[in-house]
Amino acid sequence: MKFGKEFVSQMVPEWQEAYMNYISLKSILKDISNFNEQNKSKPSMASTPKGSLRRRLTLYRAFSGLNGGNHRESLGKSEDEVILIRSVEDEDAKGVYQTVFLKGCEDGAERDLEFFRKLDFEFNKVNGFYKKVVKEVVGEAEELSRQMNVLIAFRIKVDKIGFENLDTSYETSSTPFMNHFNGEAKHGHSNLHMDVIHEVEMSNDNHFEEDRNHAAQTNSKSSIEGFRPAPLEVLDHVKINVNPPETPVSTIKGLLLSSKSDHRFNKKELRKADAQLSAALKEFYHKLRLLKKYSFLNLLAFSKIMKKYDKVSSRNASKDYLNMVDSSYLGSSDEVNRLMDRVESAFIKHFANGNHRKGMNLLRPTTKRERHRTTFLLGLFTGCAIALVVALIILIHARNILNSEGRTKYMDNIFPLYSLFGYIVLHMIIYSANVYLWRHFKINYPFIFGFKEGTELGYREVFLLSSGLAVLSLAAVLSNLDMEMDDRTKSFSALTELVPLGLVIVVLAITFCPFNIIYKSSRFFLVHCVFHAICAPLYKVNFPDNFLADQLTSQVQAFRSLEFYVCHYFWGDFTTRSNKCSDSHIYKTFYLIVAIIPFWIRFLQCLRRLIEEGNSMHGLNGLKYVSTIVALAMRTISSEFRDGTVWTVLAASSSTIATVVNTYWDIVMDWGLLVRNSRNPWLRDKLSVPYKSVYFVAMVLNVVLRLAWMQSVLGIKDAPFLHRTALTAIVACLEILRRGIWNFFRLENEHLNNVGKYRAFKSVPLPFNYQDDDDEDSTDT
């Protein structure tokens, strides 16, 4: 793989604009190479001496006067020198680097000047970003250090350990992370192993190769002599954070009881503080790893591009420029490595009981690997599913089932049972396609959803699950496709008729299986989000809960199929394939209620966010779901309860209003499109897909597919070759397809918002607040 492609693949997606633009610089080098190729055969023109000392001094004096910067004069350069590099101050009084090209009188020098101008811009951008983020990290480390001191004192108090009998697991320095800034700091490096591009010609390879050895020496030299436990008096100046209620019980208590509940220093609160601070350290360490990777990749990119320049231009400019790069903050700063050492030491000691391997496994989860077993099973199940579909078609034609007397009874009773699995399989297939596209267009969906590192499912795994469920469903359909009843009993086989119910039980059993099989972490993540959605608004609404609830609004027919399961097996005679569901007023009432539940959940989530965040947009979003509930209720009443022009008009008008509101919200708010003054007319400034026509096609499809409700308003319940249940299933599948399109652009917009804010990390709440911060600030001033 070429370096440019590998460089892009290793980027932190949310920081992609802060990396060196390798492709742009390489395109300039291509122009230089083409110019040199064209001028190889031309005789050189006689001109003034190129690169003369007088010309160099003239250029250097002109350069020294730029921006009023203070520069050190450097005379006596040899004739082979190509560039001069100096640090100057820009308008914001920040140190930046500028390069003077000393061969400006040569033919084609304007391309070299453009190259170095662009190179300086890219380096100053990278160096400034790295310096800014490292400064933020140092501030976070100071706060984590204070939090660790409080936690250790908390542990001592809870466990009633005296200072004289203090266990070594509570030994700490007064500043666990930040004491490397004093005069006796250790200058070791971390033993982080990065899966990044290996470059043996990197100018500072030794800097990275010594990491592991230095870390081992640093850890072995860390002595406990002189370390004192955190004084218990520190607990008098802190209080435990009162986090937003995270369970239905705590939410109800928070509403009924006073918000000033007494949080004492007990074992229960200690466990919570341990978990919070452990999570904060993991996220902080992850940030340090990405910063180190960012530094290494950019240093490698500058090394590669300068060596390419030397090769293309037949000059020797890389040595001087790379010396400047190595001496810059990006190349010489060691704060990140030292902080990594401190975090590793503190985490292993205080959260892994001194077990180095356990602690490092928690800090650095292993990257998920693609397995050949997954690919093999995916091919096997896909082939089986296709074979079963072919077998079904052959069986239907061979037995002339379409003209059988039991066709209507099958479509009324059995088809709705199996259509449930069809909706689920279709949704999973579309989601696997979304995952593939998100990865292809560098959309960081694991971070947006909050998946633990290495546990997210790829498109192969999702498609494997969908194909496996498709095989089970199709095999079950084949088991009771026979339309003929037993002449003696006038009934079907009870065991065969129970197959759909058994299949539902198997799927639920696998979903809630506590054993570590079939992607346990992903299953429980799904169950967790579903439970939060069901309990809305008693839980804080996160993006995964929000996203899942939106998926449920597109599975209305699946919820109605579950209702039909209850009616068919517990309210009718399933052995004779007869039920009175369609004639029952109670069934029809629940038919409406079940359809409203997903939209009601989203309304409650919007209401919770409106109360917590105070953003009126959440209130407007909630009104959008209210309009959908009204439209759905009107359509259901018109088709199931009331006949007449009035109800038809009400259903059509309410559905039209809901369609307009929902379409506008999808395209403008969720997708961020239809921006009039953007760089891409009527789209947005940043696009992940390079083809603009894709966005316009998606907008048109969103509108068209949303109009599927018109078949119910217009009274189209049967088609010439379709039973009404089949027509209902097709309309439901169109809505699932629309949701799949919505999913891609919704996550793309979320990702681009993160990119615009360079937001690549989760915000983890810390367990302690300092009560005397304001007093200290006032006394310091």
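All residue numbers refer to position in the chain's written sequence, counted from 1. Predicted model: local features are reported for residues with pLDDT of at least 70 only, side-chain atom pairs are reported and counted for 80 or more only, and whole-chain, interface and lining totals are derived from all residues. Excluding hydrogens and water, the side-chain figures rest on all heavy atoms present in the structure.

Some words on the overall build of the protein chain
- Across its full length, the protein chain carries 29 helices and four strands.
- The contacts in the protein chain between residues at least 6 apart in sequence include a share of 76% that link residues at least 24 apart.
- As displayed, the protein chain has an accessible area near 41,600 Å², and 58% of this comes from carbon and sulfur atoms. Here a strand is any run of E in DSSP of at least two residues, a helix any run of H or I of at least four, and the numbering for each starts at the N terminus. Between two residues, a contact is recorded if the distance between any of their heavy atoms is within 4.5 Å. We get accessible surface area from the Shrake-Rupley algorithm with a probe of 1.4 Å; when it comes to residues, only the shown protein chains can shield them.

Observations concerning the pattern of salt bridges
- A pair is scored as a salt bridge if a Lys or Arg side-chain nitrogen falls within 4 Å of a carboxyl oxygen belonging to Asp or Glu. For the structure shown, the criterion picks out 20 salt bridges.
- With its nearest N and O atoms 3.5 Å apart, the salt bridge here joins Glu612 to Lys540. Note that Glu612 is positioned in helix 23 (residues 585-613) and Lys540 in the loop between helix 20 (520-534) and helix 21 (543-553), a separation of 72 residues in sequence.
- Beyond isolated ion pairs, a larger network of salt bridges with shared partners links Asp666, Arg706, Glu735 and Arg738.

Here we look at a positive patch on the surface
- On the surface, Lys2, Lys5, Lys26, Lys30, Lys308 and Lys311 cluster together into a patch of positive charge.
- Mapped by element, the contributors of at least two residues to the positive patch are helix 2 (22-38) and helix 8 (267-313).
- One can find Lys5 in helix 1 (residues 3-9). Patch criteria: residues need more than 30% relative accessible area and no salt bridge. Like-charged residues are merged within 9 Å; nonpolar side chains of Val, Leu, Ile, Met, Phe, Trp and Tyr are merged within 5 Å. Only four residue types enter the charge count: Lys and Arg as positive, Asp and Glu as negative, with His and the chain ends excluded. Here the site of a charge means NZ on Lys, CZ on Arg, CG on Asp, or CD on Glu.

A word on the packing of aromatic side chains
- Working definition: rings of Phe, Tyr and Trp (its six-membered ring) pair if their centres are within 6.5 Å, and the pair is stacked with planes under 30 degrees apart, edge-to-face with planes over 60 apart, and tilted otherwise. Within the structure shown, the criterion is met by 39 aromatic pairs.
- The interplanar angle of 45 degrees and the centroid separation of 5.3 Å between the aromatic rings of Phe129 and Tyr758 together place this pair among those described as tilted. With a gap of 629 residues between them, Phe129 in helix 4 (residues 109-159) and Tyr758 in the loop between helix 28 (724-756) and strand 4 (768-770) connect regions that are remote in the sequence.
- Exposure remark for Tyr758: the relative accessible area of 32% places this residue in the partly exposed category.
- For the ring pair Trp600 and Phe603, a centre distance of 5.2 Å and an interplane angle of 35 degrees mean the geometry is tilted. You can see Trp600 and its partner Phe603 sitting in helix 23, three residues apart, about one turn around the helix.
- Ring-pair connections join several aromatic residues into one group, and the members of that group are Phe3, Phe7, Trp15, Tyr19, Tyr22, Phe129, Tyr130, Tyr294, Tyr329, Tyr758 and Phe761. Partly exposed describes any residue whose relative accessible area lies between the buried limit of under 20% and the exposed limit of over 50%, with all areas from a 1.4 Å probe on protein chains only and scaled to the type maximum.

What about the state of the cysteines?
- What counts as a disulfide here is a pair of cysteine sulfur atoms lying within 2.5 Å. Tallied over the full model, the rule gives one disulfide.
- Across the disulfide from Cys567 sits Cys581; the S-S distance is 1.7 Å. Residues Cys567 and Cys581 are joined through a disulfide that is left-handed, its torsion about the S-S bond being -110 degrees. You can see Cys567 sitting in helix 22 (residues 556-570) and its partner Cys581 sitting in the loop between helix 22 and helix 23, a full 14 residues away along the chain.

A look at the environment of Ala549
- Along the polypeptide, Ala549 turns up in helix 21.
- Of the residues examined, Ala549 reaches a relative accessible area of 1% and is grouped as buried.
- The spacing of Ala549 and Phe599 is 50 residues in sequence and 8.1 Å in space, taken between C-alpha atoms.
- Setting aside its immediate chain neighbours within four residues, Ala549 contacts Ile601, Arg602 and Gln605.

So, the environment of Pro446
- Along the chain, the position of Pro446 falls in helix 16 (residues 445-449).
- Spatially, the C-alpha atoms of Pro446 and Gly458 are 9.9 Å apart, while their sequence positions differ by 12 residues.
- If we ignore the near neighbours within four places in the chain, the residues touching Pro446 are Phe451 and Glu456.

Section: unusual backbone geometry
- Residues Ala536 and Pro537 are joined by a peptide bond in cis, for which omega reads 5 degrees.
- Within the element layout of this structure, Pro537 appears in the loop between helix 20 and helix 21.
- Phi at Asn353 is positive, roughly 55 degrees, even though this residue is not glycine.
- Following the sequence through the fold, Asn353 ends up in the loop between helix 11 (335-351) and helix 12 (356-363).
- Taking relative accessible area as the criterion, Asn353 reaches 72% and is therefore assigned exposed.

Things to note about a nonpolar patch on the surface
- Among the surface-exposed residues, Leu472, Val506, Ile510, Phe515, Ile517 and Ile518 lie close enough to one another that they form a single nonpolar patch of about 520 Å² accessible area.
- In this structure, Phe515 sits in the loop between helix 19 (499-511) and helix 20.
- Given a relative accessible area of 58%, Phe515 falls into the exposed group.

Brief notes about the packing of helix 4 against helix 11
- Inter-axis angles, ranging from 0 to 180 degrees, are taken between N-to-C directions of lines fitted to C-alpha atoms, where helices are fitted over the stretch in contact. With their axes 11 Å apart at the nearest point, helix 4 and helix 11 run at an angle of 20 degrees to one another. Relative to helix 11, the element helix 4 is oriented roughly parallel. Read as a crossing pair, helix 4 and helix 11 show a hand that is left-handed. Side by side, helix 4 and helix 11 meet where Tyr130, Val134, Val137, Ala141, Met148, Leu151, Ile152 and Arg155 of the first sit next to Glu335, Val336, Leu339, His350 and Phe351 of the second.
- Of the residues belonging to the contact of helix 4 with helix 11, the class tally is 10 nonpolar, one polar and two charged. Roughly parallel refers to an angle under 35 degrees, roughly antiparallel to one over 145, roughly perpendicular to one between 65 and 115, and oblique to any angle outside these ranges. If you view the pair so one helix is near and one far, a crossing is left-handed when the near helix is turned anticlockwise from the far one by less than a right angle, and right-handed when it is turned clockwise. Any residue that is not Ala, Val, Leu, Ile, Met, Phe, Trp, Tyr, Cys, Pro, Asp, Glu, Lys or Arg is counted as polar, Gly included; the first ten are nonpolar and the last four charged.

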